[in-house]
Amino acid sequence: MFEFQNLSANATSFNRTLSLLQGLPFDMAREHYAKAVQVGLIERSMLGWAKFERQMDLLEKMTLGPWARRV
C-alpha cells in the first residue's frame, strides 16, 4: 500500500511539472508583454492586456490541445 501511495504521489508530481514546463513559453510571452509595457514600448491598456491574454490562451489551447492548462 505504501509503495502505491509513493507511486501515485510521484506520478502526480510528474504531471504537474510537465504541465508547468509545457506552459513555460506562454508564461514567458506574458512576462515579456508586461516588461514591454513597463518600459513604455507598449501602451498601458487594460483592454490591450485582455486582448493579448485571450490570444495567448487561444494559442496555448491550440498548441497543447487537451494538455493545455485550465483556470
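Now for a quick tour of the structure. The structure displayed is predicted, hence computed values, not measured ones. (Residues numbered from 1 in each chain as written. Predicted model: local features only at pLDDT ≥ 70, side-chain atom pairs only at ≥ 80, totals over all residues. Heavy atoms only, no water.)

**Re the overall build of the protein chain**
Formally: By definition, any uninterrupted DSSP run of H or I lasting at least four residues is a helix, any uninterrupted run of E lasting at least two residues is a strand, and each is numbered from the N terminus. This radius of gyration counts C-alpha atoms alone. The globule rule is 2.2 Å times how many residues there are, raised to the power 0.38. Note on exposure labels: buried denotes an accessible area under 20% of the residue type's maximum, exposed denotes more than 50%, and partly exposed covers the range between, all computed with a 1.4 Å probe on protein chains only. In what follows, residue pairs with any heavy atoms lying within 4.5 Å of each other are defined as contacts. All accessible-area figures derive from a Shrake-Rupley calculation using a 1.4 Å probe, and residue coverage is judged against the displayed protein chains alone.
Check the secondary structure of the protein chain and you find two helices and zero strands. Scaling as 2.2 N^0.38, a compact globule of 71 residues should have a C-alpha radius of gyration of about 11 Å, whereas the protein chain reaches 17 Å, well beyond that. With the C-alpha coordinates aligned to their principal axes, the bounding extent of the protein chain is approximately 55 × 25 × 15 Å. Considering the protein chain as a whole, with its 71 residues, one finds that 17% of them fall into the buried category. Long-range pairs, those at least 24 residues apart, make up 53% of the contacts in the protein chain between residues at least 6 apart in sequence. When the accessible surface of the protein chain is totalled, it reaches about 6100 Å², and 65% of it is carbon and sulfur.

**Things to note about the packing of aromatic side chains**
Here is the rule we go by: Within 6.5 Å between ring centres, the rings of Phe, Tyr and Trp (the latter by its six-membered ring) count as paired, and their orientation is classed by plane angle as stacked under 30 degrees, edge-to-face over 60, tilted in between.
Applying the stated criterion across every chain, the model contains three aromatic pairs. Consider the rings of Tyr-33 and Trp-49, whose centres lie 5.3 Å apart with planes at 50°: the pair is tilted. Of the two residues, Tyr-33 is situated in helix α1 (residues 2-39) and Trp-49 in helix α2 (residues 46-64); the sequence distance between them amounts to 16 residues. Looking at Tyr-33, the relative accessible area reads 13%, which means it is buried. Grouping aromatic residues by their ring pairs yields a cluster made of Tyr-33, Trp-49 and Phe-52.

**Topic: the pattern of salt bridges**
Side chains that differ in charge, positive against negative, can pair when their charged atoms come close. The criterion, for reference: Every case where a carboxyl oxygen of Asp or Glu lies within 4 Å of a side-chain nitrogen of Lys or Arg is listed as a salt bridge.
What the rule picks out here adds up to seven salt bridges. Lys-61 is the salt-bridge partner of Asp-57, the closest N and O atoms lying 3.1 Å from each other. Pair noted here: Asp-57 and Lys-61 are both in helix α2, with a separation of four residues, about one helical turn. When its relative accessible area of 43% is taken as the criterion, Lys-61 is described as partly exposed. Overlapping salt bridges bring together Asp-27, Arg-30, Glu-53, Glu-60 and Arg-69 as one network.

**Describing α2**
What counts here: Expected span of a helix: the number of residues minus one, times 1.5 Å. The arc in question is formed by the directions pointing from the helix axis toward the C-beta atoms. By the criterion applied in these results, polar contacts are pairs of N or O atoms within 3.5 Å in which, for protein atoms, one can donate a hydrogen and the other can accept it, and in which residues neighboring in sequence qualify only through two side-chain atoms.
Taking 1.5 Å of rise per residue, the 19 residues of α2 would be expected to cover 27 Å, and the 26 Å separating its terminal C-alpha atoms lies within 8% of that figure. Here α2 has its buried residues at Phe-52, Met-56, Glu-60 and Leu-64. Along the long axis of α2, the arc covered by the buried residues comes to 75°, so they all point the same way. Opposite the buried face of α2, at more than 90 degrees from it, the exposed residues are Leu-47, Arg-54 and Met-62. The N-capping residue of α2, defined by a side-chain oxygen 3.3 Å from the backbone nitrogen of Leu-47, is Ser-45. Taken from the residues just after α2, Gly-65 is the one with a positive phi, measuring 60°.

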